[in-house]
Structure formats: C-alpha cells, structure tokens
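# Secondary and tertiary structure notes
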Amino acid sequence: MVAKEKRVFQEGERDYQCQCCGEIKHSEDLELSSGLGTYSEDKFGSLRLEKSSLENSVEQLYYVHVGPPGVGIDSTVIYTKKWDSKLIFTLSLGQCAGEEQRVGTRTVLVGNHPVSETETYNTRFCDNRIVSSKYTLWNFLPKNLFEQFRRIANFYFLIIFLVQVTVDTPTSPVTSGLPLFFVITVTAIKQGYEDWLRHRADNEVNKSTVYIIENAKQVMKESEKIKVGDVVEVRANETFPCDLILLSSGTSDGTCYVTTASLDGESNCKTHYAVRDTIALCTAESIDTLRAAIECEQPQPDLYKFVGRINIYSNSLEAVARSLGPENLLLKGATLKNTKKIYGVAVYTGMETKMALNYQGKSQKRSAVEKSINAFLIVYLFILLTKAAVCTTLKYVWQSNPYNDEPWYNQKTQKERETLKVLKMFTDFLSFMVLFNFIIPVSMYVTVEMQKFLGSFFISWDKDFYDEEINEGALVNTSDLNEELGQVDYVFTDKTGTLTENSMEFIECCIDGHKYKGVTEEVDGLSQTDGTVAYIDRANKHREELFLRALCLCHTVEIKANDAVDGATESVELPYISSSPDEIALVKGAKKYGFTFLGVRNGYMRVENQRKEIEEYELLHTLNFDSVRRRMSVIVKTATGDILLFCKGADSAVFPRVQNHEIELTKAHVERNAMDGYRTLCVAFKEIAPDDYERINRQLTEAKMALQDREEKMEKVFDDIETNMNLIGATAVEDKLQDQAAETIEALHAAGLKVWVLTGDKMETAKSTCYACRLFQTSTDLLELTMKTIEESERKEDRLHELLIEYRKKLLHEFPKNTRSLKKAWTEHQEYGLIIDGSTLSLILNSSQDSGSNNYKTIFLQICMKCTAVLCCRMAPLQKAQIVRMVKNLKGSPITLSIGDGANDVSMILESHVGIGIKGKEGRQAARNSDYSVPKFKHLKKLLLAHGHLYYVRIAHLVQYFFYKNLCFILPQFLYQFFCGFSQQPLYDAAYLTMYNICFTSLPILAYSLLEQHIHIDTLTSDPRLYMKITGNAMLQLGPFLYWTFLAAFEGTMFFFGTYFLFQTSSLEDNGKVYGNWTFGTIVFTVLVFTVTLKLALDTRFWTWINHFVIWGSLAFYVFFSFFWGGIIWPFLKQQRMYFVFAQMLSSVSTWLAIVFLIFISLFPEILLIVLKNVRRRSARNPNLELPMLLSYKHIDGGYS
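Residues numbered from 1 in each chain as written. Predicted model: local features only at pLDDT ≥ 70, side-chain atom pairs only at ≥ 80, totals over all residues. Heavy atoms only, no water.

Turning next to the UniProt feature "transmembrane region" (unreviewed entry) in the chain. Under the present numbering, the feature "transmembrane region" (unreviewed entry) in UniProt falls on residues 375-398, 429-448, 991-1011, 1041-1063, 1075-1097, 1109-1132 and 1152-1172. Span residues 375-398 is 100% helix and 0% strand, its end C-alpha atoms 35 Å apart. (UniProt positions renumbered as here; feature names shortened; annotations may be inferred. Helix = DSSP H or I, 4+ residues; strand = E, 2+ residues; numbered from the N terminus.)

So this is what it looks like as structure tokens:
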C-alpha cells in the first residue's frame, strides 16, 4: 500500500511508515539512488523509489509493500508528480497481503476530457454495477457445497457416506446419504432463494435510468453503464446513482439539499456545495466545456470523510485548484430534495461507492450456545470412536475361537483368508463407525438455523416494541445471537439519546457570571448574579448582544429551502435544520432573547437583532466540530470590516484557551448547571487583525488542499487559531430522561447485570443523569478516579496508584474472595459505584510502570468487577470500544452488550458480543451497525428479561434434546452387537435409520423451540431475578449435559433389555410363530420414537394447537409409515425384509403391553421428578408472598429515595 514519510524529507536518518500495515522502514532500507522515474525492490520486498537531483522538489516520498521478493508489481500509475512541467516521478502501486488497491489517490477527468497532452492518467476503474449477491448461476453449486462442507458435522457425514460407498458396511449408503442430502438441499434452497432476492434487487438498481452529459447533450443510459468521470444530471427526488462531486445546481449559489435516510437514517435535509468556479455551469452545453481533473483519495467506507481537490484548466490562465471535502460529495443512495436538478461528476462507482463499502466485511459474531454445540460434538465423537474401538476389539476377541471365526455355515472365501488382518481390523472399525454414526445429529444444524431464523420474527412482531412517534418497531439485523440476549453479564450504554431523549431545550445562559432565564424580547432587567462575582449589576449591554450574536453565528444550522425570511419573524417558526439538536436549541434560545438567525444568503449569515434590524456577516471559514477538539468555531467579517472568531465548546476544551481571570465568573454557573443534569457549552470570541487573518486564511487553504493527512493538518491549524480568546459566557440545555429509563436500569440491576454508562459528557452532568435513572442510588458509595482527584498530587501516576490500592482494599474487605455469588452479594453488602474519566483511563491503559509496581490495569479491573455500576465520562469513541474489549477479555469471558444511538457508539456496538442500536435523533448509524435495533432504551428490559430468557431456554433444550434422542437411538444398536457376535448387524431397518431425525422426531422439537414459554412473559419481566437462573450458560454446563446423557443411557438400556427379556418367551403369537430380528428391532424403535416424543410432551409447559398437531401428528405419521412401508414392495429395494413386520407385530397383545410398559418405565424417572418438584413448590409457596414488582421512581417526590 502507499505509505507516507513519517518526518519531513531531509538528508540523514529518515523513517517511512506503510499506511496499510503500519510497518516502519529506516533510511538504510530505502536508500535513494540516481535515476528518474524508476523503482526497484529492496531486501524486504518493498518498492523503492529512485530519483536524483530533483529530490528537494519532491514534497512526499512513498513506498509500498509488494509482498516477498519475486512477486510482481502492478504497473498501473496512480500518482504523478509534476514540477515546472517536467515529470519527476511516477509511482506504481503494489499490494500488501490481502489488501485491495484503495489507499492512495486517484485522478478523475471531468467528462473524461483530457486536460493535458503530456500527462497520462489511469482511466481503468470499476463499472457502476452493484453486486450484493454471493453466487452466480455457474458457481452456485460448487461454492455453496464448499461452504456447507466446511461445517464439521456435514463434512463428517460426507466421509461416512463415502466410507459406506467404498467399504462393505452393514448399512446402505442411503442411511447417511439421504439425511445429508436433505440437510444440504434445504440449506442450499434457503441460501439460493435469499441470493435470488439479492440478484433481483441488484438488477432494479443497475437497470434504472440515468442521464449523462455527452458532447453537450443529455443521453439516457442504464445506471450500470456510468463510468468514473461521467457528468451525471440528477433531478429532484431522484437518488444519486453513484458517488458524485457536485459541480452545479439549480440554485444560484450552487447549493443543494439531500436526505441520507437510506445511508444513516437521518431524515433531515443536509446542504452540499459546489466549488465557486463551477457554480455558473448550469446547462448541458456549459458543463461540457469544463476541463478539470479531480484528485481524491481511493475509496474508503467512512460516510463522513472525503479528501480531494479539483484542478480547473482554462486557455488563458494556469490551473486553479480548489479543495474538496464531504460537503462537496453526494453519496450513492442519498436523495435530492428541494432542488430542481444538479450536475455532478462520478468519482466512485459500483462496488467502490461508500454505500457498497459499508455493507461489506461485517464481522460475524458467534454465540456461547454454538461453542457449547461444538464441545458436545467433540464429546459425542469421542463416544462414537470409543464404541467403534470397543466393538472392533471385542469382535476379534470373539473370533479368537476358531468356531466363532469361521463357523460351518459361514465359510470364508479365499480372498477373505488372504486379506491382511490389520486391513480387516481397519475396515471393521470403519464399519462400526458407520453403524453408530447417527449419534452425531446432522439435522440439528438445520433445526437450529430454522429456529433462529423463524424465532427472530417474534421480536419484530412484538407490539410492545412499536413506537408511535417514529412509526417503527424493533428490527433484527442478525438472528444468530437470539439466545445470547439471555446470557448478558455487562451492559454498556451511551447517555445522550439513549438514556436521555436527545430532545434539547434551551434553559438558561450566563453572561460574565450573570444568569439569564426566561423568555422576553429584551434581556434588560432579567439578570441575577450567580456565584462569586466582582459586581452585582447586570452584564454590559454590549457583552449581552455579543453573546447572542455568537449563538446566532457559531453553528452549522440551515433553514429549509424556500422558507427563507427577510424579517418580521415574531410569529414565524423557522424550520431550522442541523445534524445536532444542541445547535438548534441554542439558535432558538437566542431567538427568545431577541436575536433571530435568518439563514445564509450568498455567503453572508443574516441575523435580525432586538431592534428588528438585519445584520449581515460574511462567513469566511467554519472550523467544524469534532469529538477530539470538542468545540467548533466560525470566522466572520462584519459590515464594518472587523474580523471576528466565535467559538463554542465543552468547558474543558474552552477554558484552557481563554484568559484565566475570566474563567471564575462562569465556572460556578457551569458546575451548578452540570449538577442539575444540564448540558453546558462555553462561548468565547476574539478579534482577528487583518494581517493575522491573511496568515490564517493561507494556512487554512493549504491544509484544505492537502491530499495527505488533511485532517491532521487542519486540526493543527484549528489549534493555533483557537487561542487567546475571551470568554463571554455559557449556555445550559436540558436533555430529558427517556421514559422508563430508571425502571429499566433498576430491572437490569435486579437481574444481576452490571450496567456501565460510557459518555462523552462532563462528569457532573453524567453523574446527575446516573442518579436520575437509578444507576446510582443515594446509598451507593461512589469511588472517583478522575483528573480532579489525581491532580491533587504532583506525581499523577503515584496518586493514581494510591487510589487504586485504596479502593481495592476497600472492596476486597467488603466482598471477600469466598463469596459464592457476587450478584447475590450485591443485595447483602454495601453497593459501590465507580466514576472514571477518559484522561484517567488513558493513564491506566498507557501508564509507564516499572516492573516492581502493580499493574494498573489489573487493579482497575478488580475494582470494576466489584462495583455494581460504573460511569465513564469524557470518553472518546475509541475509548468506549477499549473498555468493552477490556471487559470481554476478563477471566470467564463475560458476555457484553452495548447499546447506543449515535455514530460515536458504533465502535463499542461492533466490539461487544451483542450490539443494540437505538433508532434515535442522531441518525441511524448505530442501528445500521447493530445486531438488533429498538426505538427506545426501555425496550431493552423486555428484550433481555423475556425474549432473551426464552430464546436461551428454548435453544438450550433443543441442543440437549437432539443429543439425548440420538444417544437413545444408537445405544440399543451398540448393545445389540454383544448378542450378534459383533457382526455389525443393524438393529433397525434402513428406512427407520434414514427417517428418524428427518421425519419422526424433527417437527416436535422445532415447534417447542419456537413456542415454549416455561414461564409467562409477564412474570419474566416483573421478576428480573429469574434472569440469573440461566446466566453463565447454565443449561449447557457439564451438570445438565451429564443429566441428559445418563437419562438417554438409562432409556436406551431399558428399550433394549426390556424388549430382550420380552423375547425370552419362545413364542409371542397364538399360532406359535417366533419373531425374528427385524421384529425385535421394530419393537425397540417403536418404544424409542414414542418415548422421546412423549418426553418432549412432558417438558412442554405452553401448549398450542401447533404443539398438539406436531407431537401427536408425528406419532401418527410413524405408525402410518410403518404400515405403509411393510405392506408395499418398493421397486428400488433388492429385498423387502420389513414386509408385514409391523402389522404382524401389533397383532400380539403381549407386544402391545410390552410397548406401553417400556414407555412408562422409561419415562417414570421424569414423571417422578415432575411430581416431586410440584409438591415442593406447593409446600414452599407462601400465599401472602407475591412476586416483587419494580417500583416506579418518576412519581416519587423529594429526590431519589
């Protein structure tokens, strides 16, 4: 991949870092040699650029990995550097292992018109076809079969089938081939149908009509025929067919409005801009005259990042370069709104568009149940191998007697006598493997897949998850993790928009330490002092107006098109549009005090002041907000020519950049508002001298034009500009708590879950919210690990170490190591909560400790595990993911769940075992990247306590039942070998072997796993303690596994020996006929089918007509099939050994009694256990004791108690 130099290119030592893999190479590995535009490989297999006297003119040096020496280098030119019209070098791109050619830059010719006769550009880009399908008509069969046989069980049965075909085995290849064929066919049909739907959707997109400008004419084409560089015309309410750079629009200022609901769920209009040099090109004729080249980054999936520049060529002047950013890029899938038409040039097409890249490579999560299935398979495979080995050994022990080895009625052939004994033992071992192979349940995978797929619909259909406000319900993005919802140990939640509404309302503001609260046109007379101030009267009138102007100017709010106003706004509700609800609240707050933002016209921001005068400010630059800086600024020019910078941001981001003597006036107000749970922002300004502005403008322009490290360079420039400011005041905005957030968190705590809040907000605000939502209670002892507590000492690390040791001792004293259940101990001991901020977390994770000191991270985790709740404030998105990863890797691998609503929550949602997105007001990025999405945080309660509980119980029972019924099936076959001289004689007929798992016993367990409610849903939600009974994969641990295994062993033994003792009677019929071995096997099989089916009926607590139909219907089908199979000669069988066996068997009363008796004896332990449980439950029940109902705290007055 292309890499950039780590430091400025100079003589002497140099380091170069690969952008793809991060490996650093030193100067001796990349020593330059003479030559122009050539390259060679060094000993590490890296591309070495060789150049000579012009090296000082080269701004950047690149190298790429091309794999080990000898691997060819792709000769496609992707970067050309010119200096005074002379070619200095061209760079070719190789590939790091497994990576695609996406890092670097690409050059796009607008309209595919050449801009220079001397330069050549790569015009080989992918077409605009979207391919979301996995298969084609030609590769479906081999590719699908390859994927299916990667599963252990499928591959195992394939081997067994091949052994049956090639080796003389006791059973027909049909017995294993037919079930395998059924499983493979069902799965292939399902996957093929899903892929056919994807093909159909792709064709709808690829064959849609678009308009392309060619030779100054509008040409209609199919979307898939768009090429990179084509100029495309898009009209109102149409979706963009590819990623376009906006060249011009139907508006005079070159702006257009788009909605990106299909990409990130945001339904509000976003404004995009054309560069000023192409605004006037509004017709097909004029746009065709444009000669320009766009240099931009290679395709990457981030929807909100784009780096490029456009070089516009004219006949008389040199090329004009303009920077391009996300505001110039129109994404495929977005829709044009409130704009007649736009012209744009295609820069990314087809599978290289950001939309296509965002739907690729999502990591697959696996549940704990799947891991248990694999463990059980290994155990049963071991049982199978043991059975085959025992039978093979005993066979040759039996045959050590010559009479048993070659009886008079079964003489060996000459070929058999000459066969090597070792080879015979091996084939016998394989034969026994084939005979007992049904102990491995191949159909279980299909049943589990169907259960997960069909079961996921119950979440989508749940009316309690429907939200009338957004007119949507819950959505399941992956059905593979349904049961994981019942195994969660840790819940990580965002605060804003998740615990709170993200519906902002302006409450009050502070100007120079004076509080302003209320609604009026004038601010005079509404001031009162707040905190320690030097004077009592209100703030200066000029400062008040300056503050309100800052609120009207320092934002990215837009006014919806066609709604611009010129004045008289008292009774007009302006339709403000912004990606941040905070900004709209601040602009509306300024309007309450008489200053109204009227929108932007021709680059001028228009404000109506208290005197109803229109003020215009030229918008020179916007320094956009980002989560690292935590502030944003604008630079504007007043009508008198003064240049002002207005800045707003978090107090921690603004206070260090203003005059120290100004901070105290505002700090008390900010801290009090934070304690009240309000979101606070500080507002500052500074005047910029014309000379300083020239320098700032030049720096900003250079940073915006950079193709490499543009964001880092712009961040450095922003950092230099936003210094030495003057603090004006602060704002307080309320974000209301979501409905039932407190009850939900209380229920999660009662269920034994640990809830952590990870937020970017300041500590005081987040702490207040945590009290309000009952994460912390008044009795909770809070332990703080913040910079405020650490900065008391000169050595921060020493103070941090002291606090960690102190807290650990405190918690270990409260929770001794021999406490059996920490979850139960919470209710018996003092509850503890931990508060930590991002800076302290960085100190813990990145501390430079000597080998003698304790590991900070280990101690920190020990403290966290003993706390019932943890609040992490001032967290960056990456830190949220680090926290989740840290907890995931704890001893015991606890199951983690993350829930959030914004783009900053995506990293932790993807990192956790289960990710849940809230369909909130910050867009749908979280919902798109989640495993499940719900409208509100309160829905998490039922999702986990009810759906998660039931899904886990159902699938755990399904898995255990499958292994149980297959062990019941095969154990009599194993015991039978002791009575047939280990001759590999099958006990059951081939038809029964084949259909046992497919037809006779499959539907009842599928219905059970979809419909069972062993406890009513209302009870599960009202008593969260029931959730603790299943956590830790309780139903698939060694104890339950051994119970099911011994139960199967007992029943299998009863089936065989019960029938065996029945056959001790020489004659079972009145006419003196004696039953044969097929009758014996059929009796055993009949008892088997009825017992395992009735066992499931005993386990069923929630009966529906579907359960009755499949349970009794399966038994009826078995009886019908047995009559049918025994009464008709099938043409494809060489012998009909089962002819009339079943009918003849049932003609004996003794057989009837034996079957009923054996079924009862086999189920008797289960029946006895159920009776004892019911007796104990009735005797222990206290009629006065009701299930504990959760309290509602929102109606309680006087605080949180």
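Time to look at the environment of Asp901. Relative to the helices and strands, Asp901 resides in the loop between strand S39 (896-900) and helix H26 (906-911). Residues Asp901 and Phe937 lie 36 residues apart in sequence; the distance between their C-alpha atoms is 9.6 Å.

Ordered by their spatial adjacency, 4 strands build an open sheet running S8-S15-S16-S17, and the pairing between neighbours is antiparallel. Each edge of the open sheet is held by one strand with a lone partner, namely strand S8 (105-109) and strand S17 (320-324). Going across the sheet, the axis of each strand differs from the next one's by a mean of 20°, ignoring polarity. Bridge analysis of S8 against strand S15 (residues 291-297) gives 5 bridges, and the strand direction is antiparallel. The residue of S15 that forms the bridge with Thr107 is Glu295. In the packing of helix H16 (residues 690-705) onto the sheet, the strands contacted are strand S16 (308-313) and S17, and the crossing angle to S17 comes to about 75°. (Pairing = 2+ DSSP bridges. Axes fitted to C-alpha atoms, helices over the stretch in contact; angles between N-to-C directions. Contact = heavy atoms within 4.5 Å.)

Moving on, we get to the packing of aromatic side chains. In total, this model carries 50 aromatic pairs according to the counting rule given. Here the aromatic rings of Trp1103 and Trp1112 are separated by 6.5 Å at their centres, their planes lie at 5°, and the arrangement is stacked. One aromatic cluster is present, built from ring pairs that chain together Phe969, Tyr988, Tyr992, Tyr996, Phe1000, Phe1085, Phe1090, Phe1117, Tyr1118 and Phe1121. In this structure, Arg235 is placed above the aromatic ring of Tyr211, and the distance from its NZ or CZ to the ring centre is 4.3 Å. Sitting over the ring of Trp1044, Lys1095 keeps its end group 4.6 Å from the ring centre. (Phe/Tyr/Trp six-rings, centres within 6.5 Å; stacked < 30°, edge-to-face > 60°. Lys NZ or Arg CZ within 6 Å of the ring centre and 35° of its normal.)

Right, let's talk about unusual backbone geometry for a bit. Although it is not a glycine, Asn112 adopts a positive phi angle of roughly 55°. Structurally, Asn112 is set in the loop between S8 and helix H1 (140-148). Positive phi, close to 70°, is recorded for Asn237, a residue that is not glycine. Its location among the elements puts Asn237 in the loop between strand S11 (231-235) and strand S12 (243-249).

Bringing the pattern of salt bridges into the picture now. Applying the stated criterion across every chain, the model contains 36 salt bridges. With a closest N to O distance of 2.8 Å, Lys207 and Glu224 form a salt bridge. With Lys207 in the loop between helix H3 (174-206) and strand S9 (209-214) and Glu224 in the loop between strand S10 (217-222) and S11, this residue pair connects regions lying 17 residues apart in the sequence. On the basis of relative accessible area, Glu224 is assigned to the buried category, the value being 16%. With a closest N to O distance of 3.7 Å, Lys716 and Asp720 form a salt bridge. Taken together, the positions of Lys716 and Asp720, both in helix H17 (residues 710-721) and 4 residues apart, correspond to about one turn of that helix. On the basis of relative accessibility, which here comes to 41%, the residue Asp720 falls in the partly exposed class. Among the charged side chains, a network of salt bridges with common partners joins Glu545, Arg549, Arg611, Glu613 and Glu615. (Salt bridge = Lys/Arg side-chain N within 4 Å of Asp/Glu carboxyl O. Buried < 20%, exposed > 50% of the residue type's maximum accessible area, 1.4 Å probe, protein only.)

Counting residues in hydrophobic clusters, the biggest one holds 91 residues, and the most contacted among them are Val959, Phe969, Tyr988, Phe1085 and Leu1088. Tallying contributions element by element places helix H28 (residues 939-976) first for this core, with 18 residues. Other than its neighbours up to four places away in sequence, Tyr988 contacts Cys968, Phe969, Pro972, Gln973, Leu993, Trp1078, Gly1081, Val1084, Phe1085 and Leu1088. Membership of the second largest hydrophobic core comes to 43 residues, among which are Val476, Val914, Phe937 and Leu943. (Core = buried A, V, L, I, M, F, W, Y, C linked by side-chain atoms within 4.5 Å.)

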